Amino acid sequence: MRKNLYVALLLSLVAITCPFISAQKNSVDAEGHEWWQHAVFYELYPRSFADSNNDGVGDLNGITSKMKYLHELGVDAIWITPCYPSPQVDFGYDVADYENIDPMYGTLADFDHMVAEGKKQNVRIILDYVINHTSDQHKWFLASKSSKTSAYRNWYVWHDPKPGNQPPNNWISEFGGSAWKFDPATGQYYYHYFYAEQPDLNWNNPAVEKAMFDVTRWWYKRGVSGFRLDAVDTLFEDPDLRDNPVQPGTTKFGDPNTEHKYNQKLPGVHEVLQNLRRVADEHNAVLIGETWTKNIDELKEYYGGKNKELQMPMDFMFTRVDKLDPAEFRRQIAAADSSGGWPTYVISNHDIPRSYNRYGDGAHNDDIAKLMGAFYLTLRGTPIMYYGEEIGMENNDPKRKEDVKDPEGRTGWPKEIGRDGERTPMQWSDAANGGFSTHQPWLPVPASTKTHNVATESKDPNSVLEFYRKVLALRHSSPVLLDGNYTPLNEDDANVMSYLRTYKGKSVLVALNMSTSPQKPTFKLPNSASNLKSLAATPGASSTGTEVSLPALGVFIAEVQ
Ligand code: TEU
């Protein structure tokens, strides 16, 4: 009898814990590759992805309803930008409660349902971890602000004014104006690297570290497979509050330019991230960093070397190559490849104009969208796509100040127009509002929605979407593309970017014509190979022996035989 009870208890324990275990199973394959090294990630902005209740703003049930689409596209994990309760001053990057869902997006039950559906479709969930600051409406900040003797006072960064009630120093907010805001009730300033509604947490306080790390544990137990870490550079400030060096000129907001020497990339950052990694490792979880580095040495620090830090610090230097420039891309890839870590490539996100516009020349944008997709999806490393990139979605920038939603754009207009343009609703069909919602969406879709949408492109074998699907399928089925080394080819070629990926004696060649004139490169292939068998190509691209014919902006991916 007692034995049966034990068995029943054991079985129910397994049943309770299994969903969480299975959310993070298969973490390493037989050859030691971690799950995130073989995964394709996809960033989505929940306000704009899919609107299940037709109120003009996307929601979690909307995401759940598109899980099959994501799986069939070839996405293995989605990073959802913040969906926690928030006053939405910075559209979710001002978090008022880290352990709940904003009612506009749904409920925790909807979240659990989304995780379960993700599991069915093999799509993992990555949340955004806004680590540097909270909302000024978070209960920790309200308590901190209530009095100088509050137990939470030291959870944020408070300082006395300088004589004349001046801010403690010259630090400038990323979004314009002083980074200090005076609180008349308690007579001190608090520090905010971003908007005043986003007070910085004090990471020197162990209680902050404990509470914030517990947030990650809470979500891991709910089935989350990792976090994208927001603005990690800014966690610490110089304890002596030294003024930042002033540089010539002014920012787009009219503030003096300054070097963020004393409030960015302080050494404490790495210790916190290493500690956070230890928690992640207990859950087979991945940490992705918003790591704006200026060189490869800075990026290396975020990997942590022997001290394990972030598995996936994003390489934003790659996004800074804003033109089709093979030489510059070769330099960036060689650097990332030599970093000792596993590269993480992105070509767009919710803070920078869409790749369709950044690389597009206005005349061949669809060809360029295919070329850029073929490029970063065949590099050694893990790609993070941005929603809509697969259909060639373009920026839809506001034309008038009164239409701008992003506060950064309202303050900075017209020099800084904000980030609304890259955050518009996903284009699902040629119906009104791109089929996103029957209600007027929070941001308008561009006119190109008529042609650039999932439904229309699914019917056209030559669409950007169908090309993305092909390349993603190839990537998933090819051990060479997943794990192979990267070797640049024809490095003096100013027009064609080409490389080999090689794994266990097999090679795949990728040739990308980054120019608008036809090219005919020939390649010296390994082991005197003399034939190229096409795996994916844009119309008109072909090979004869070791010579490849590439029309303007053509793509040719082939097995070396
Ligand atoms: O961005 C941090 C960051 O570095 C930004 O300053 C970025 O350079 C800026 O958005 C460009 O206009 C993260 C988020 O990605 C961003 O959306 C948030 O607004 C910001 O943190 C504050 O949380």
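If you're wondering where the values come from, they're calculated on a predicted model, not measured in any experiment.

K.L.:
I'd like to hear about helix α4 (residues 108–121), residue by residue, with values.
P.N.:
Look at α4: 20 Å from first C-alpha to last across 14 residues, which is about the 20 Å you get at 1.5 Å a residue. Here α4 has its buried residues at Leu108, Asp110, Phe111, Met114, Val115, Glu117, Gly118 and Gln121. Tucked inside the fold, the buried residues of α4 contact α2 (60–65), α3 (67–73), β2 (77–80), β3 (124–130) and α6 (206–221). With a side-chain oxygen positioned 3.3 Å from the backbone nitrogen of Ala109, the residue opening α4 is Thr107. Residue Asn122 follows α4 closely and has a positive phi angle near 60°.

K.L.:
So what's going on with the site of the ligand? Which residues, and what values?
P.N.:
Around the ligand there are 16 residues in total, and Asp90, Asp230, His350, Asp351 and Arg419 lie nearest to it. One of the side-chain N or O atoms of Arg228 is found 3.1 Å from an oxygen atom in the ligand. The side chain of Arg419 places a nitrogen or oxygen atom 2.7 Å from an oxygen atom of the ligand. Looking at the shell around the ligand, its residues break down into 4 nonpolar, 3 polar and 9 charged.

K.L.:
Now, about the pattern of salt bridges: what can you tell me, with residues and values included?
P.N.:
Tallying each qualifying case throughout the model produces 25 salt bridges. One salt bridge connects Lys308 with Asp281, and the closest N-O pair in it is separated by 3.2 Å. Remark: Asp281 occurs in helix α7 (residues 268–281) and Lys308 occurs in the loop between α8 (296–303) and β11 (312–313); sequence separation between them is 27 residues. Taking relative accessible area as the criterion, Asp281 reaches 32% and is therefore assigned partly exposed. Glu328 serves as the salt-bridge partner of Arg331, at 2.7 Å between the closest nitrogen and oxygen. Here the residue Arg331 and the residue Glu328 both occupy positions in helix α9 (residues 326–337), the gap between them amounting to 3 residues, near one helical turn.

K.L.:
Outline helix α11 (residues 365–376), listing residues and values.
P.N.:
Taking 1.5 Å of rise per residue, 12 residues should cover 16 Å, and α11 covers 17 Å from first to last C-alpha, within 8% of that figure. Of all the residues in α11, the buried ones are Asn365, Ile368, Ala369, Lys370, Leu371, Met372, Gly373, Ala374, Phe375 and Tyr376.

K.L.:
Give a detailed account of unusual backbone geometry, specifying residues and quantitative values.
P.N.:
Of note, the amide linkage connecting Trp413 to Pro414 takes the cis form, showing an omega dihedral of 0°. Positive phi, close to 60°, is recorded for Asn165, a residue that is not glycine. Position of Asn165 relative to the elements: it lies in the loop between β4 (158–159) and β5 (180–183). Positive phi, close to 55°, is recorded for Leu241, a residue that is not glycine. Turning to its location among the elements, Leu241 is positioned in the loop between β7 (226–230) and β8 (246–250).

Definitions and limits used
- Residues numbered from 1 in each chain as written.
- Predicted model: local features only at pLDDT ≥ 70, side-chain atom pairs only at ≥ 80, totals over all residues.
- Heavy atoms only, no water.
- Helix = DSSP H or I, 4+ residues; strand = E, 2+ residues; numbered from the N terminus.
- Expected span 1.5 Å × (residues − 1).
- Buried < 20%, exposed > 50% of the residue type's maximum accessible area, 1.4 Å probe, protein only.
- Contact = heavy atoms within 4.5 Å.
- Polar contact = N/O pair within 3.5 Å; in protein donor to acceptor, adjacent residues only side chain to side chain.
- Near = heavy atom within 4 Å.
- Nonpolar A, V, L, I, M, F, W, Y, C, P; charged D, E, K, R; others polar.
- Salt bridge = Lys/Arg side-chain N within 4 Å of Asp/Glu carboxyl O.

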